[in-house]
Amino acid sequence: ARYYREVLPGEIVKISRHDVQTLDVVRRPEGDPSAFCIFEYVYFARPDSIFEGQMVYSVRRRCGQQLAIEAPVEADLVSTVPESATPAALGYAQKCGLPYVEVLCKNRYVGRTFIQPNMRLRQLGVAKKFGVLSDNFKGKRVVIIDDSIVRGNTISPIIKLLRESGAKEVHIRVASPPIRFPCYMGINIPTKEELIANRPEFRDLANYIGADSVVYLSVEGLVSSVQESIKERQENSPKSQKSFIGKIGHCTACLTGEYPVELEW
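The present account deals with the structure reproduced in this document. (Residues numbered from 1 in each chain as written. Predicted model: local features only at pLDDT ≥ 70, side-chain atom pairs only at ≥ 80, totals over all residues. Heavy atoms only, no water.)

Remarks on the pattern of salt bridges
And step 1. Tallied over the full model, the rule gives 7 salt bridges.
And step 2. The partner of Glu11 in a salt bridge is Arg5, with the nearest N and O atoms 2.8 Å apart.
And step 3. Accessibility expressed as a relative area gives 10% for Glu11, which makes it buried.
And step 4. The residue Arg46 makes a salt bridge to Asp48 at a minimum N-O spacing of 2.5 Å.
And step 5. For Arg46, a relative accessible area of 57% translates into the label exposed. (Salt bridge = Lys/Arg side-chain N within 4 Å of Asp/Glu carboxyl O. Buried < 20%, exposed > 50% of the residue type's maximum accessible area, 1.4 Å probe, protein only.)

What follows is the structure in structure tokens.
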């Protein structure tokens, strides 16, 4: 198969052997921007996915570059929690001028710990999930880039693993803002009480997870990284197309608590 185009929000498409037809487009209320899930860019989507005319990999790399601007640190190397944070780690390393080095080797036969039903299963999953490439970081100050910290169960054993294997310092940089609110739009995010950003431990998160420092990307930094190339493309669009271009918008409800629709109970 080859990439053809995206289906527009609210669009009904008919695909036949002859062509692709738009049967109808359900329009948004006048003046409302679109509200594409920003967490697709952060974590859920494959890096080769194309949303809103841009590749997810490129957005994640920009998030890493923005994180380097917001949260630099004295260190010897930059690495990642494989694999969804790799583009952000590369962007961070490029912006800081530090080498990108692999420190963890992922076991490809373990599922996502994020969606395991209880803490015990998630911790067991983490224990089986990674091997350590200790020759690459022994005696060095390491910056680990993660795409998100949801409950805090995954990152803590990783830091412990790196320290036991000889890391001098472990600094955590997160390429998304803290997740504080549940998603009512269908994404599997834990209850508000389970989210580490809402718990008392968050006040001293570095000490709680065993890191030397922890800094998250700002909401403004994430939004600007996601929207940068969309805005450039809109500005360079022919005048004849500008009237058909909708307002840029993304759902940041899980980060800000501002939902794109009114909630009904």
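Next comes the rest of the account.
A few points about the sheet that holds strand S6 (residues 77-80)
And step 1. Spatially, the 4 strands line up as an open sheet ordered S6-S9-S10-S11, and their pairing is parallel. Each having just a single partner strand, S6 and strand S11 (213-216) make up the two edges of the open sheet. Sheet twist, expressed as the mean angle between neighbouring strand axes with direction ignored, is 25°.
And step 2. Two elements, S6 and strand S9 (residues 141-146), share 4 bridges in a ladder whose sense is parallel. (Pairing = 2+ DSSP bridges. Helix = DSSP H or I, 4+ residues; strand = E, 2+ residues; numbered from the N terminus. Axes fitted to C-alpha atoms, helices over the stretch in contact; angles between N-to-C directions.)

Focus: unusual backbone geometry
And step 1. A cis geometry characterises the amide bond from Pro82 onward to Glu83, with omega recorded as 0°.
And step 2. In the Ramachandran plot, Glu52 falls in the positive-phi region, its phi being about 50° despite a non-glycine side chain.
And step 3. Structurally, the position occupied by Glu52 is in the loop between strand S4 (50-51) and strand S5 (54-55).

Quick look at helix H3 (residues 86-96)
And step 1. Taken together, the buried positions of H3 are occupied by Thr86, Pro87, Ala88, Ala89, Gly91, Tyr92 and Ala93.
And step 2. Summarising the contacts, the buried residues of H3 are in contact with helix H2 (56-70), S6, S9 and strand S10 (169-174).
And step 3. Just past H3, the residue Gly97 takes up positive phi, approximately 75°. (Contact = heavy atoms within 4.5 Å.)

Considerations on the packing of aromatic side chains
And step 1. Enumeration according to the criterion identifies 8 aromatic pairs in this entry.
And step 2. Pairing Phe39 with Tyr43 gives two aromatic rings, centres 6.3 Å apart and planes at 40°, and the pair type is tilted. With Phe39 and Tyr43 both in helix H1 (residues 38-44) and 4 residues apart, this pair spans about one turn of that helix. Each of the two residues, Phe39 as well as Tyr43, counts as buried.
And step 3. With 5.8 Å between their ring centres and 55° between their planes, Phe202 and Tyr216 make a pair best called tilted. One end of the pair, Phe202, is in the loop between S10 and helix H6 (205-209); the other, Tyr216, is in strand S11, with 14 residues separating them in the sequence. For the pair shown, Phe202 and Tyr216 are each scored as buried.
And step 4. Three or more aromatic residues joined by ring pairs make a cluster, and in this case those are Phe36, Tyr41 and Phe51. (Phe/Tyr/Trp six-rings, centres within 6.5 Å; stacked < 30°, edge-to-face > 60°.)

A closer look at the nonpolar core
And step 1. One finds Leu67, Val78, Tyr92, Ile145, Ile179 and Leu222 to be the most contacted residues of the largest nonpolar core, which totals 32 residues.
And step 2. Contributing elements (two or more residues each) for this core: H1, H2, H3, S9, helix H7 (219-235) and helix H9 (253-256).
And step 3. Setting aside anything within four residues of it in sequence, one finds Val78 in contact with Ala89, Tyr92, Ala93, Leu98, Pro99, Tyr100, Val101, Val143 and Ile145.
And step 4. Leu77, Phe137, Ile144 and Ile172 belong to the second largest nonpolar core, which has 26 residues in total. (Core = buried A, V, L, I, M, F, W, Y, C linked by side-chain atoms within 4.5 Å.)

A short note on a nonpolar patch on the surface
And step 1. The grouping of Tyr4, Ile15 and Val20 at the surface amounts to a nonpolar patch, some 330 Å² of accessible area in total.
And step 2. Structurally, Val20 is set in strand S2 (residues 20-25).
And step 3. Residue Val20 is classed as partly exposed on the basis of its relative accessible area, which comes to 30%. (Patch = residues over 30% accessible without salt bridge, like charges linked within 9 Å, V, L, I, M, F, W, Y side chains within 5 Å. Areas by Shrake-Rupley, 256 points an atom, 1.4 Å probe, with all protein chains shown as cover.)

A short note on the environment of Tyr259
And step 1. Summarising the element assignment, Tyr259 is placed in the segment after H9.
And step 2. For the pair Tyr259 and Cys183, spaced 76 residues apart in sequence, the C-alpha separation works out to 8.8 Å.
And step 3. Residues within four places of Tyr259 in sequence aside, it is in contact with Phe181, Pro182, Tyr184, Met185 and Ala253.
And step 4. Engagement of the side chain of Tyr259 in a polar contact is seen with the backbone oxygen of Pro182, the distance being 2.8 Å. (Polar contact = N/O pair within 3.5 Å; in protein donor to acceptor, adjacent residues only side chain to side chain.)

Quick look at helix H5 (residues 155-164)
And step 1. Every buried residue belonging to H5 is among Ile155, Ile158, Ile159 and Leu162, and all of these are buried. The buried residues of H5 occupy an angular sector of 100° when projected down its axis, which confines them to one face. More than 90 degrees from the buried face of H5, the exposed residues found are Lys160 and Glu164.
And step 2. Tucked inside the fold, the buried residues of H5 contact strand S7 (104-106), strand S8 (130-132), S9, S10 and H6.
And step 3. Immediately downstream of H5, the backbone of Gly166 shows phi near 110°, a positive value. (Arc of directions from axis to C-beta.)

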